[in-house]
Amino acid sequence: MEAGRVAIWPRMEPFLLGALQVAPSSKLGLPYLRKMAIYVQTRDGCFPVLGWPRWKRIACGKLLLPEDVAWLYFETFDLLVDHRPQQRLEWAERLSQCSSKSELDHARNMLSVDTLQFLLFLYIQQLNRMSLRTSLIGEEWPSHRARSPSPSEREAKISYQNRNWDDQAHLSFMQSHLAEILELLAEPGQLSPSGQAQRDGQISREAVRSLGLLLEGAADHGKPVQPVHRLLVKGPLQTQAGYSTLSRSFPLRKLLSCLQRSLTLIPFGITACLNSGKKQIWAQQVEGAMKRAMIARNTHMAPAGSKMVLMSQVFKQTLAETSDKLTGANIKIHKCSEAFIYLLSPLRSVNVDKCRDSTVVLGPVQTCVHVHSCQNVRVVCAAGRVAIGASSHCTIHAMTPTRPLLLPGNTDITLGPFHTFYPSLEDHMASVGLAVVPNVWDQPLILGTDGLACSSNNSPSSQDTTHKLLPPSEFHTLSVPFQMEGDTCEVPGGLPPAYQAALDEKQKRIQSWQKTVMEARLNKEQKRQFQELVELKFHEWLLDTGHRQELYSLIPPAVTSLEDPKEAATDTIRVKDRKHSRTAPEEG
């Protein structure tokens, strides 16, 4: 960012958390959104706020979207809105009292969104749309020898085109589509019959205020970040954008030119975090081989909502942290293998990307946990939303008030109830506005490659091979292997009855076994032999299940941070957290 220059950049959150990680329905293309923009601004009750009943009528009656998908977009936008935690808890309580579809509809009818911002939110769903030309770049040109990809391969390929974390893609998207975005904000009288902006068209200051959903900036390097409309109505940009204090409007063409000249890459996005963020690197001795994990963060310089922590290539390690540096941050866990990761702080969002054979246990996540391109990964979380795409043989133990999203490209996904706790969990849940009810972890919404919902059937007779619910007979609770301060001493909200009954039955078998051993009246030598046999079988079980590596990774490493000791003590996320002492990692 050049000194003395007003810079404007795409906000991270709408693209990171708002754009669904699947190509949108064609009904959300520009021609349909242009018609919707005119419709909502010329109908009573649709502008400046749009309620759920009106949006449902537009989505289902005019755009022909299923009601589930219409609610998905409405609910996702609401996740982006900066509600206070107490407001979210009150909303959760209202939903938990609904015992019928009509009561649920009545509760939803009370929700409304900013009309113009919701239009922009629908438009940026195009972020993950893949054109034919894009799909061919970097791939082998088709030939008569080339094998046609299977439907599952095509689905997975589309899911891989995920631009939500790519700030370069956000900038490119805004540069390419800014003219169309401004046209959506213009009043109908400023548009031609085809919906395009007239040459002398104007756009009001209130409409530009809605543009603050997507753009923000600063008057100079080191200056506070401001919404875009505040930068455009004063200082050097006022003249460049042509803002008139009399009409309180901008000439559309002049505003477009000004914004295009001022657009730049976000100064605290993922690119800046990798290039100039604080980095921590660990080296650990793992069975004779040196493996490195890299962690970078921008939490020391980014404003709220844009804080991020990147973790990459954690290998055969246990990484655990509860820290203010994590609180409210967006977390990306990338290419980790045979790792056990515990992030026990209230988080903004989490992306688990291209990991395998790992366990990830999270503190409450205010918005979304997205599992992408993973294999044999277990994720345990309480989150506003859970989404899984292009992954295989993964198990998700979730507590969530929204239906889990199963995106294209999945194989053998298992959904189970949230099954762990740590002492400060309930305090952390309250701080991000997450309640224990409603909890619809077992009601997934499956999205196809066309961005529309597929049928979902969780009954045993279902032929769907993409997911299943965890059988109660295979259920165990998970113990967080650290001692911490706090009052939570059980899984918040308890376990579903079938799973609690399965645990009770296992406990009865343990008690029966203990009684049998006591009644055997073994002598001293028999007790010794019996103890050795039990330990042998236990170690065999540890090897067969992979839990031995989990236990061994809890042993504090001999080699710690390679950074400066003072820096490591204050700014790193530590593999060995000195505030924690280790206990057993898993029950069962």
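In the annotation of an unreviewed UniProt entry, the entry for the chain reads TBCC domain-containing protein 1, and the organism field reads Nothobranchius rachovii. Quoted verbatim from the Sequence similarities (unreviewed entry) field of UniProt, the annotation for the chain is "Belongs to the TBCC family."

A.B. asks: Quick question: what am I supposed to make of the overall build of the chain here?
C.D. replies: Across its full length, the chain holds 20 helices and 23 strands. The 588 residues of the chain split such that 50% are buried. Summarising the internal contacts of the chain: among those between residues at least 6 apart in sequence, 59% fall at separations of at least 24. Summing over all exposed atoms, the chain offers an accessible surface of approximately 27800 Å²; the carbon and sulfur share of this is 51%.

A.B. asks: Looking at this structure, how should I read the side chain of Glu321?
C.D. replies: Relative to the assigned elements, Glu321 resides in strand 11 (residues 318-321). The class for Glu321 is buried, based on a relative accessible area of 3%.

A.B. asks: Could you clarify how one ought to interpret the pairing of strand 13 (residues 340-343) in this entry?
C.D. replies: Where a strand is regular, its side chains alternate between the two sheet faces. Burial of the side chains of strand 13 extends over both faces: Phe340 and Tyr342 are buried on one face and Ile341 and Leu343 on the other. Relative to strand 13, strand 11 runs parallel, the two sharing four bridges. Bridging across to strand 13, Thr318 finds its partner in Phe340. Pairing analysis gives four bridges linking strand 13 to strand 15 (residues 356-362), with the strands arranged parallel. In the sheet register, Tyr342 faces strand 15, and the bridge partner there is Val361.

A.B. asks: What is the right way to look at helix 4 (residues 67-80) in this model?
C.D. replies: An α-helical segment advances 3.6 residues per turn. Residues three or four places apart therefore align on the same side. Compared with the 20 Å implied by 1.5 Å per residue over 14 residues, the 20 Å span of helix 4 between its first and last C-alpha is a close match. Burial analysis of helix 4 places 12 of its 14 residues in the buried class, which makes it a mostly covered element. Regarding helix 4, the residues found buried are Val69, Ala70, Trp71, Leu72, Tyr73, Phe74, Glu75, Thr76, Phe77, Asp78, Leu79 and Leu80.

A.B. asks: Just checking my understanding: could you explain the side chain of Ser25 for this structure?
C.D. replies: For Ser25, the location among the structural elements is in the loop between helix 1 (12-18) and helix 2 (30-42). Every residue in contact with Ser25, bar those within four places of it in the chain, is listed here: Leu65, Arg129, Asp450, Gly451 and Leu452.

A.B. asks: Please explain the packing of helix 10 (residues 167-185) against helix 14 (residues 252-262) as it appears in this structure.
C.D. replies: Two quantities define a packed helix pair, namely the angle between the helix axes and the distance between the axes. Viewed as axis vectors pointing N to C, helix 10 and helix 14 meet at an angle of 155 degrees, and their least axial separation amounts to 10 Å. Looking at the two axes, helix 10 sits roughly antiparallel to helix 14. The two elements helix 10 and helix 14 cross, and the hand of that crossing is right-handed. Facing helix 10, whose interface residues are Gln175, Leu178, Ala179 and Leu182, helix 14 presents Leu252, Leu255, Leu256, Leu259 and Gln260. The class makeup of the residues in the contact of helix 10 with helix 14 is seven nonpolar, two polar and no charged.

A.B. asks: Before we go on, may I ask you to explain the sheet that holds strand 1 (residues 7-10) in this structure?
C.D. replies: As summarised here, the arrangement of the three strands in space is 1-5-6, forming an open sheet in which the pairing is antiparallel. Two strands bound the open sheet, and with one partner strand each, they are strand 1 and strand 6 (226-227). Relative to strand 6, strand 5 (residues 215-218) is paired through two bridges, and the arrangement is antiparallel. Following the sheet pairing, Gly217 is matched in strand 6 by Gln226.

A.B. asks: How should the pattern of salt bridges be read in this particular structure?
C.D. replies: Two side chains that carry opposite charge are able to pair once their charged atoms sit near each other. The tally for this structure, following the rule as stated, stands at 15 salt bridges. In this structure, Glu183 and Arg34 form a salt bridge, with 2.8 Å as the shortest nitrogen-oxygen distance. Of this pair, Glu183 sits in helix 10 while Arg34 sits in helix 2, and the two are 149 residues apart along the sequence. When its relative accessible area of 17% is taken as the criterion, Arg34 is described as buried. Note that Asp357 and Arg356 form a salt bridge whose closest N and O atoms lie 3.0 Å from each other. Since its relative accessible area comes to 31%, Asp357 is described here as partly exposed. In this structure, a network of salt bridges that share partners links the residues Glu67, Lys101 and Asp105.

A.B. asks: What am I meant to see in the confidence of the model for the chain here?
C.D. replies: Across the chain, pLDDT averages 84, with 83% of residues at or above 70. Here helix 20 (residues 565-571) stands out as the least confident element of the chain, with mean pLDDT 37; strand 18 (residues 392-399) is the most confident, with 98. Within the model, the stretch residues 457-463 combines pLDDT values under 50 with six contacts to residues more than four positions away or in other chains.

A.B. asks: Explain the nonpolar core to me, please; I cannot follow it from the model alone.
C.D. replies: One recurring pattern in soluble globular proteins is that nonpolar side chains are buried together. With 95 residues, the main nonpolar core has Met36, Trp55, Phe118, Leu215, Leu232 and Leu259 as its most contacted residues. Each of domain 1 (7-129 + 160-262) and domain 2 (270-454 + 464-474) contributes no fewer than three residues to this core. Among all residues touching Leu232, those that are not within four sequence positions of it are Val208, Leu237, Gln238, Ala241, Tyr243, Phe250, Leu255, Cys258 and Leu259. Listed in part, the 63 residues of the second largest apolar core include Val352, Val361, Leu415 and Tyr422.

A.B. asks: I tried to follow the packing of aromatic side chains on my own but got confused; where do I start?
C.D. replies: Here the distance between the centres and the angle between the planes together describe a pair of aromatic rings. Per the stated rule, a full pass over the model turns up 18 aromatic pairs. Between Trp52 and Phe74, the aromatic rings sit 5.6 Å apart at their centres with planes inclined by 55 degrees, giving tilted as the arrangement. Highlighted residues: Trp52 in helix 3 (residues 52-62) and Phe74 in helix 4, separated in sequence by 22 residues. Each member of the pair, Trp52 as well as Phe74, is classed as buried. Each member of the aromatic cluster is reached from another via a ring pair, and the members are Trp52, Trp55, Trp71, Tyr73, Phe74, Phe77, Phe118 and Phe121. Residue placement shows Arg108 over the ring face of Trp71; its charged tip is 4.0 Å from the ring centre.

A.B. asks: How do you make sense of the packing of helix 2 against helix 10 when you look at a structure like this?
C.D. replies: In the contact formed by helix 2 and helix 10, the axes pass within 9 Å of each other and the chain directions differ by 25 degrees. Considering their axes alone, helix 2 and helix 10 lie roughly parallel with respect to each other. Contact residues: Leu30, Leu33, Arg34, Ala37 and Gln41 in helix 2; Glu180, Glu183 and Leu184 in helix 10. Residues of the contact of helix 2 with helix 10, tallied by class, amount to four nonpolar, one polar and three charged.

Criteria and thresholds
- Residues numbered from 1 in each chain as written.
- Predicted model: local features only at pLDDT ≥ 70, side-chain atom pairs only at ≥ 80, totals over all residues.
- Heavy atoms only, no water.
- UniProt positions renumbered as here; feature names shortened; annotations may be inferred.
- Helix = DSSP H or I, 4+ residues; strand = E, 2+ residues; numbered from the N terminus.
- Buried < 20%, exposed > 50% of the residue type's maximum accessible area, 1.4 Å probe, protein only.
- Contact = heavy atoms within 4.5 Å.
- Areas by Shrake-Rupley, 256 points an atom, 1.4 Å probe, with all protein chains shown as cover.
- Pairing = 2+ DSSP bridges.
- Expected span 1.5 Å × (residues − 1).
- Axes fitted to C-alpha atoms, helices over the stretch in contact; angles between N-to-C directions.
- Parallel < 35°, antiparallel > 145°, perpendicular 65-115°, else oblique.
- Left-handed = near helix turned anticlockwise from the far one by under 90°.
- Nonpolar A, V, L, I, M, F, W, Y, C, P; charged D, E, K, R; others polar.
- Salt bridge = Lys/Arg side-chain N within 4 Å of Asp/Glu carboxyl O.
- pLDDT = per-residue confidence, 0-100.
- Core = buried A, V, L, I, M, F, W, Y, C linked by side-chain atoms within 4.5 Å.
- Domains from an automatic or database assignment.
- Phe/Tyr/Trp six-rings, centres within 6.5 Å; stacked < 30°, edge-to-face > 60°.
- Lys NZ or Arg CZ within 6 Å of the ring centre and 35° of its normal.

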